[in-house]
Amino acid sequence: MISLEDLATRIAASPFNSWLGLRPVAIDDQGVTLGAEPRSEMLGNPDTELVHGGVVSAMIDATCSYAWLARAGGYVSTIDLRTDFHRPMAKAPVTIRADIVRAGRSIITVDARAGQS
């Protein structure tokens, strides 16, 4: 397992994930928790102050990848991503939790949830 500092360095190495503003909050045996603070350029419609669904999905996708990186030290590519939107994400701090459900020889299944206080 890597440290929060090492994970922050890995996130900073990705221009897109840096743009998303992802930062490590916690790492444990099951996965990772990342935080972010959405900005105005991430909104789907400035009148609603709600984050674009594609940005939300990108944050979730990246967090799932970092869950595996934190556990095994390696990178992965997404082969399938499904996002269920149960409520809109406001332009406010968000926490994304990703837990590894199953790790096979070539495919890893990760479950993630994004939430706001």
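Scroll up to find the structure this text is about.
Residues numbered from 1 in each chain as written. Predicted model: local features only at pLDDT ≥ 70, side-chain atom pairs only at ≥ 80, totals over all residues. Heavy atoms only, no water.

(A) Local environment of the pattern of salt bridges. What the rule picks out here adds up to six salt bridges. A salt bridge links Asp99 to Arg97, with the shortest nitrogen-to-oxygen separation between them at 2.6 Å. Three or more residues are tied together by salt bridges with common partners; here these are Asp28, Arg97 and Asp99. (Salt bridge = Lys/Arg side-chain N within 4 Å of Asp/Glu carboxyl O.)

(B) Inspection of the packing of aromatic side chains at higher detail. According to the stated counting rule, one finds one aromatic pair in the structure shown. When the ring of Phe16 is compared with that of Trp19, the centres are 6.0 Å apart and the planes differ by 20 degrees; the resulting orientation is stacked. Pair noted here: Phe16 and Trp19 are both in helix α2 (residues 15–20), with a separation of three residues, about one helical turn. Under the relative-accessibility criterion, Phe16 is labelled partly exposed at 44%. Judged by relative accessible area, which is 33%, Trp19 ranks as partly exposed. In this structure, Arg39 is placed above the aromatic ring of Trp19, and the distance from its NZ or CZ to the ring centre is 5.1 Å. (Phe/Tyr/Trp six-rings, centres within 6.5 Å; stacked < 30°, edge-to-face > 60°. Helix = DSSP H or I, 4+ residues; strand = E, 2+ residues; numbered from the N terminus. Buried < 20%, exposed > 50% of the residue type's maximum accessible area, 1.4 Å probe, protein only. Lys NZ or Arg CZ within 6 Å of the ring centre and 35° of its normal.)

(C) Layout of the pairing of strand β6 (residues 108–115). Looking at chain direction, strand β5 (residues 94–103) and β6 are connected through eight bridges and run antiparallel. Residue pairing in the sheet places Ala103 in a bridge with Ile108 of β6. Taken together, β5 and the strand that follows it, β6, pair antiparallel across an intervening segment of four residues. (Pairing = 2+ DSSP bridges.)

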